[in-house]
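As a plain string of letters, each chain reads:
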Amino acid sequence: TMDPVIVNTARLSFALPFILLYALLQHEVVPLPLGSIALISIVSISIVAGFILMFKAYELADLSKVAVIGAMEPLIILMYSIAVFATLPSGPELAGGAIILAGTFLLIYFRKKPKVPVIED
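Since this is a predicted model, take the numbers as computed values, not measurements.

(A) Highlighting the packing of aromatic side chains. A full pass over the atoms with the stated rule returns 3 aromatic pairs. For the ring pair F51 and F55, a centre distance of 4.9 Å and an interplane angle of 55° mean the geometry is tilted. Of the two residues, F51 and F55 are both situated in helix α2 (residues 34-60); the distance of 4 residues between them amounts to about one turn of the helix. By relative accessible area, which is 25% here, F51 ends up partly exposed.

Next up, the structure:
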């Protein structure tokens, strides 16, 4: 098996030149303000850390428990958006997020658990 960090790094490294070329062709490349570099660095590190921790959780915990944590990711993003930008998403955005979360939790709740055969001695 391959290390998930290496796979993700290769995927992002492969996509970067295409995204950069597209931005250059659209004349949408703008210089970064120095004050934003710290925030971008913190966000980048937290995304990589979250990716690594999620794969570690897949190795150590039951998949159904990890799925519930993954389903809560939109709520965490909502809290970050409030903390960082001091704004709430609009009504339709909140409604769409609530529908997605409700669907995810309903799928997890009503999922049929596989029957495990009883081994008799």
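(B) Layout of unusual backbone geometry. Backbone geometry places H27, a non-glycine residue, at a positive phi of 55°. Mapped onto the secondary structure, H27 falls in the loop between α1 (4-25) and α2. In this structure, A86 takes a positive phi of about 55° despite not being glycine. Relative to the helices and strands, A86 resides in the loop between α4 (73-85) and α5 (91-110).

Parameters and conventions
- Residues numbered from 1 in each chain as written.
- Predicted model: local features only at pLDDT ≥ 70, side-chain atom pairs only at ≥ 80, totals over all residues.
- Heavy atoms only, no water.
- Phe/Tyr/Trp six-rings, centres within 6.5 Å; stacked < 30°, edge-to-face > 60°.
- Helix = DSSP H or I, 4+ residues; strand = E, 2+ residues; numbered from the N terminus.
- Buried < 20%, exposed > 50% of the residue type's maximum accessible area, 1.4 Å probe, protein only.

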